[in-house]
Amino acid sequence: MLSKVFTRSLAAAAKSVKPPVELFGVDGTYANALYSASVQDSSVSKAYKDLGEINKLAESDPKIQGYFTNPVLSKEDREVVVKTISDSLSLDKTMSNFLSVLADNNRLSAFPGIYKKFGVLNDAASGIVEARITSAKPLDSKILRRLQIAIQKSSSVGEDKTLKVTNDVNPDILGGLIVEVADKTVDLSISAKVARLNQSLAEAL
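Residues numbered from 1 in each chain as written. Predicted model: local features only at pLDDT ≥ 70, side-chain atom pairs only at ≥ 80, totals over all residues. Heavy atoms only, no water.

Looking at an unreviewed UniProt entry, one finds the protein chain named ATP synthase subunit 5, mitochondrial, with Diutina rugosa as its source organism. Recorded in UniProt for the protein chain, the comment headed Subcellular location (unreviewed entry) runs: "Membrane". Per UniProt, the protein chain carries the Sequence similarities (unreviewed entry) text "Belongs to the ATPase delta chain family." (UniProt positions renumbered as here; feature names shortened; annotations may be inferred.)

Now the structure itself:
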């Protein structure tokens, strides 16, 4: 009953408080709802800190991680798990109820994605937009600077925001770049081009 009430309050909060960036997907929807609720009931930074503590606990405890990822876990068992987590971390009402909503809807497996998406909202609320650039080899400082200037001018950032650029290295992309800004991704990698070429050949032959 409590989770249903909180679900309705999340929906009402989402209508009255607009997140600083628009996120999509299941994890984005839940992150948006939690952001709206935390703005009204507690604080965004505290909610993000609590999510981080939950994520750390799940990563360090294989048993809890197993509960989160088990799709056939009973509703009663999921409720016990989230109550145990809430009590052990002394979570406030907003976060405890949010976990109850995830448990009630069998969405605990989406938690890692929600945590990541909420981080985007937390940064945006603080005036920070993160750009993650993935390349096959580390990019030198001059190229990173040029990319930063180009991304800063995009509509996803704007002059009033602080851009935080991270360069991830993944040899599997073969070459080119994958640029992620907020909830948008531009895949200019060679591996993606090869995949599209293979698909075109398969459809043509």
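Student: Describe the pattern of salt bridges, with residues and values.
Tutor: With the rule as written, the count across this model stands at nine salt bridges. For K46, the salt bridge goes to D92, with nearest N and O atoms at 3.4 Å. In this pair, K46 is assigned in helix α3 (residues 44–60) and D92 in the loop between α5 (75–89) and α6 (93–104), connecting sequence segments 46 residues apart. Since its relative accessible area comes to 33%, K46 is described here as partly exposed. R132 serves as the salt-bridge partner of E130, at 2.8 Å between the closest nitrogen and oxygen. Look at the salt bridges and you will find they share partners, linking K46, D50 and D92 into a network. (Salt bridge = Lys/Arg side-chain N within 4 Å of Asp/Glu carboxyl O. Helix = DSSP H or I, 4+ residues; strand = E, 2+ residues; numbered from the N terminus. Buried < 20%, exposed > 50% of the residue type's maximum accessible area, 1.4 Å probe, protein only.)

Student: Summarise the sheet that holds strand β4 (residues 184–187); cite the residues concerned and give the values.
Tutor: The sheet built from four strands is open, its strands ordered β2-β1-β3-β4 with mixed pairing. In the strand order of this sheet, the two ends are held by β2 (162–169) and β4, each with one partner. Direction aside, neighbouring strands of the sheet carry axes that sit 15° apart on average. Two strands pair when backbone bridges link them, and strand β1 (residues 128–135) and strand β3 (residues 177–181) are joined in this way by five bridges, in the antiparallel orientation. Across the sheet, the residue bridging to T134 is I178, located in β3. (Pairing = 2+ DSSP bridges. Axes fitted to C-alpha atoms, helices over the stretch in contact; angles between N-to-C directions.)

Student: Describe the domain arrangement of the protein chain, with residues and values.
Tutor: Split into domains, the protein chain comes out as domain 1 (26–124) and domain 2 (127–204). Each of domain 1 and domain 2 was reduced to a C-alpha centroid, and the two centroids are 29 Å apart. Listed as interface residues are four residues of domain 1 and, on the opposing side, seven residues of domain 2. If you sort the residues of domain 1 by the area they bury against domain 2, V120, D123 and A124 come out on top, with a joint share of 79%. Summed over the shared surface of domain 1 and domain 2, the number is one salt bridge. Between D123 and K164 there is a salt bridge; the shortest N-O distance is 3.7 Å. (Domains from an automatic or database assignment. Contact = heavy atoms within 4.5 Å. Buried area = accessible area lost by both parts, 1.4 Å probe.)

Student: Describe unusual backbone geometry, listing the residues and the values that go with them.
Tutor: In most cases, non-glycine residues show a negative phi, while peptide bonds are predominantly trans. Of note in this structure, S90 is not a glycine but carries a positive phi near 55°. By the secondary structure assignment, S90 is in the loop between α5 and α6. Despite not being glycine, L174 has its phi angle at roughly 75°, a positive value. In this structure, L174 sits in the loop between β2 and β3.

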